[in-house]
Amino acid sequence: MLIDLRSDTITKPSPAMLEAMFTADVGDDVFGDDPTVLALEAKAAAMFGMEAALYCTSGTMTNQLAIRTHVRPGDEVICDQLSHIYLYEGGGIAVNAFASVALLPGERGKLTPALVRDAINNPADPHRPLSRLVSLENTMNKGGGCYYTIPEIAAIKQVCDEHGLALHLDGARLFNALIETGESPVAYGQLFDSVSICLSKGLGCPVGSLLLGKTAFIAQARRFRKMMGGGWRQAGYLAAAGIYALDHNIERLKLDHARARKIGAIMAQRPEIVDVMPVDTNIVIVELPETILATDYVQELTRKDIRAVTFGKHLVRFVTHLDFTDEHLAAFEQQIG
Ligand SMILES: *Cc1c(COP(=O)(O)O)cnc(C)c1O
């Protein structure tokens with residue numbers, strides 16, 4: 001049996017989700033009259049207690065639009081050195097926003113108020129880029145799916161407020177964090193100036209991310225989206241999947257986390273594995289000895305019909321998701337040998 005744990009993006013829409021998509025009421029979103037897109041944006045904004053939302057193709061687009069909208073050319077974005085916005089968005093911060101980046105050494109990708117405070121440049125010093133935006137990631141992909149709690153974020157928010165910095169959240173897997181902490185999306189709406197969430201990861205949609213923020217901010221981001229060619233027409237067929245996912249696929253993330261912990265436990269038993277990062281949500285990162293390259297290990301897994309990705313020279317990542325069932329978990333245990 002093929003076990004695909006490369007990412008939680010590999011899921012295909014369930015029959016019920018497809019039904020919602022096929023029967024969606026659509027219009028032209030560039031004209032602002034696709035009722036299903038409008039409904040998804042309104043639903044997400046209400047969930048977070050935020051004013052407005054913008055439905056986009058990808059989390060890279062929502063992050064990049066947020067950064068572009070928050071900063072001016074030459075400004076600086078403060079983030080962890082493991083951030084997706086820096087590592088995995090093609091240098092977009094430089095190209096789309098003409099901005100500089102301060103990369104901080106957090107713990108498993110998580111920043112602290114002290115780290116952020118020390119990274120803020122003196123605005124009176126013309127040598128230094130103007131610190132304008134702090135970006136957090138929750139859950140933290142490169143940190144093995146660890147998460148922030150609201151009090152941790154509130155302490156960082158206070159530093160931002162003291163220095164007049166905006167705060168953005170790359171919440172590609174935010175719902176994975178919320179399911180663990182029991183915190184509400186509204187608390188996030190109160191702390192962040194902008195929030196990006198992905199519908200195409202754990203929530204099981206084929207496509208789509210949302211950017212949330214104040215009305216004027218979202219209007220400006222919409223302008224930049226059009227400029228990038230991101231205006232889309234009968235996008236309601238896809239937005240319908242998003243509405244379905246927000247209604248049906250959040251609670252079940254608990255199952256993904258339980259299965260990820262099981263995979264972590266199975267891998268921890270294996271003689272060739274040096275270490276397994278703590279499994280906090282749906283991501284499992286294992287460390288190989290210096291004698292085994294991650295690329296070779298992933299190839300060996302492929303021969304066992306198990307797919308994973310390299311996550312460093314000696315690191316391999318597994319991600320559980322909606323299409324990975326208990327049956328697959330049993331097969332994983334068998335096939336890994
Ligand atoms: C997947 C992901 C994104 C967005 O990726 P897209 O493939 O562009 O949708 C952003 N941040 C993190 C942490 C992610 O894991």
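In the nomenclature of an unreviewed UniProt entry, the protein is known as Threonine aldolase of Arsenicibacter rosenii. Its UniProt record gives the protein the following Sequence similarities (unreviewed entry) comment, quoted word for word: "Belongs to the threonine aldolase family." The annotation that UniProt attaches to the protein under Cofactor (unreviewed entry) is "pyridoxal 5'-phosphate".

As a further point, take the overall build of the protein. On a plain count of helices and strands, the protein comes out with 14 helices and 13 strands. Against the globule reference of 20 Å for 337 residues, the protein gives a C-alpha radius of gyration of 20 Å, in line with a compact fold. Considering only intrachain contacts with a sequence separation of at least 6, the fraction spanning at least 24 residues in the protein is 74%. Total accessible area on the protein is roughly 14100 Å²; 55% of this is exposed by carbon and sulfur atoms.

For helix H2 (residues 35-48), spanning 14 residues, the distance from its first C-alpha to its last is 20 Å, which sits close to the expected 20 Å at 1.5 Å a residue. Residues Thr36, Val37, Leu40, Glu41, Ala44, Ala45 and Phe48 constitute the buried set of H2. Across the axial projection of H2, the buried residues extend over an arc of 165 degrees, all falling on one side. Its side-chain oxygen at 2.9 Å from the backbone nitrogen of Thr36, Asp34 defines the N-terminal cap of H2. Note on H2: the residue one or two positions beyond its end, Gly49, has a positive phi of about 60 degrees.

A separate point is the sheet that holds strand E8 (residues 209-213). Taken together, seven strands build an open sheet; the order of strands is E2-E8-E7-E6-E5-E3-E4 and the sheet is mixed. Two strands close off the open sheet at either side, each with one partner strand: strand E2 (52-56) and strand E4 (100-104). Strand-to-strand twist in this sheet, taken as the mean axis angle between neighbours without regard to direction, amounts to 20 degrees. Judged from the four bridges that link them, strand E6 (residues 166-171) and strand E7 (residues 194-198) form a sheet pairing that is parallel. Pairing of Asp170 across the sheet is with Ser196, part of E7. Its contacts with the sheet place H2 against E2, E7 and E8, and it is angled at close to 130 degrees to E2.

What counts and how
Counting from 1, residues in each chain are numbered in the order their sequence is written. The predicted nature of this model means local features are confined to residues of pLDDT at least 70 and side-chain atom pairs, given and counted, to a pLDDT of 80 or more, with totals for whole chains, interfaces and linings taken over all residues. To obtain the side-chain values, all non-hydrogen atoms of the structure were included, while hydrogens and water were left out. UniProt positions are given in the numbering used here, feature names are shortened, and annotations may be inferred rather than shown by experiment. Only DSSP runs of H or I covering at least 4 residues are called helices, and only runs of E covering at least 2 are called strands; the numbering of each starts at the N terminus. Here the globule rule is a power law, 2.2 Å times the number of residues to the power 0.38, and the radius of gyration is based on C-alpha atoms. Here, two residues are considered to be in contact whenever any of their heavy atoms come within 4.5 Å of each other. Using the Shrake-Rupley algorithm and a 1.4 Å probe, accessible areas are obtained, with residue cover drawn only from the displayed protein chains. A helix is expected to span 1.5 Å for every residue after the first. Per-residue accessibility, obtained with a 1.4 Å probe over protein chains only, is compared with the maximum for each type, and a residue is labelled buried under 20%, exposed over 50%, and partly exposed between these values. Regarding the arc, it is the one traced by the directions from the helix axis to the C-beta atoms. The term polar contact refers here to a pair of N or O atoms within 3.5 Å; inside protein, the definition further demands a hydrogen-donor-capable atom paired with an acceptor-capable atom, and it admits residues adjacent in sequence only when both atoms are side-chain atoms. Two strands make a pair as long as DSSP finds a minimum of two bridges between them. Interaxial angles span 0 to 180 degrees and are taken between N-to-C directions of axes, which are lines fitted to C-alpha atoms, for helices over the stretch in contact.

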